[in-house]
Amino acid sequence: GICRRALRNGLQKTSPPTAQPASRVPTVAPMCVFCQRQRPITNQWPAGPVCRVCAKRAKSYPGTCESCQQSAVLIGLNDHGGRICGPCAGASLDYRCRSCGQAGMHANGQCSRCVTAHLLDADLGGPNGQIPHQLRPLANALAAAPDPRSVAVWLARSDAARLLKTLAERGEAVTHDSLDALPPGRHVNYVREILVRTTVLPMRNERLERIKPWLDR
């Protein structure tokens, strides 16, 4: 018994110390080459790692390449730090709209202007799915807006845009009288204004024309 206890005590004294877990090295998020911020990287472009925000901005807002002077999505940098396009940076990435071929991509491989054009066809389409001839000048003016992204946001959020969609779906001619028959509101006034500005409706003196409905109410 004495020998066993001595042997056991000796083993306990000579047993190696318990290994301590290795300390973890903190992970540092990579830095975006464009915004110089530590953000999750979604694109590895010739310029370097690019975050989602900067990649979306670059693809939505083409610029002038400092090498070829063409409008393009600028994903590279030249020796002086200037922004250049993919081909000038030695890459095959060009990011051009698959519908019109213009530089820039917004969604589904198409640029913002083509995406907005499809939205206009859907929102201003009549019973047969086509934009009524009367509303075509309005659709053309919206499609040619300097910033088509703002038109897309307007179509999705504006009460005036929803009213236009309702009027187009009816398949009936839009007149001043038909707008006067609607409950008064700012969106009705705005729809009338843009229809007059795009020559869909003739101009009239709105201050005088609103007196009779006001008296009736």
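Heads up: these notes are all about the structure in this document.

Cut-offs and rules
Residues numbered from 1 in each chain as written. Predicted model: local features only at pLDDT ≥ 70, side-chain atom pairs only at ≥ 80, totals over all residues. Heavy atoms only, no water. Helix = DSSP H or I, 4+ residues; strand = E, 2+ residues; numbered from the N terminus. Buried < 20%, exposed > 50% of the residue type's maximum accessible area, 1.4 Å probe, protein only. Contact = heavy atoms within 4.5 Å. Core = buried A, V, L, I, M, F, W, Y, C linked by side-chain atoms within 4.5 Å.

Once that is clear, we can look at unusual backbone geometry. Here Q69, not a glycine, exhibits a phi torsion of approximately 65 degrees, which is positive. Tracing the sequence through the fold places Q69 in the loop between β3 (63-64) and β4 (71-72). A residue is classified by how much of its surface remains accessible, and Q69, at 52% relative accessible area, is exposed. Phi is positive for N108, close to 55 degrees, though the residue is something other than glycine. By relative accessible area, which is 64% here, N108 ends up exposed.

Let us look at the side chain of S60. Structurally, the position occupied by S60 is in helix α2 (residues 52-60). Setting aside anything within four residues of it in sequence, one finds S60 in contact with M105, H106 and R149.

Let us look at the nonpolar core. Nonpolar side chains tend to gather and get buried jointly when the protein is soluble and globular. Of all hydrophobic cores here, the largest spans 27 residues; its most connected members are L138, W154, L164, L179, V191 and L195. Elements represented by at least two residues in this core include exactly α4 (136-143), α5 (148-157), α6 (159-170) and α8 (186-197). In terms of residues, this core owes the most to one element, α6, which gives 6 residues. Excluding its chain neighbours within four sequence positions, the residues that come into contact with L164 are L124, L138, W154, V191, I194 and L195. Judged by nonpolar contacts, the second largest core, of 12 residues, contains F34, V50, C51 and V73.

Just distances and angles here, no functional claims.
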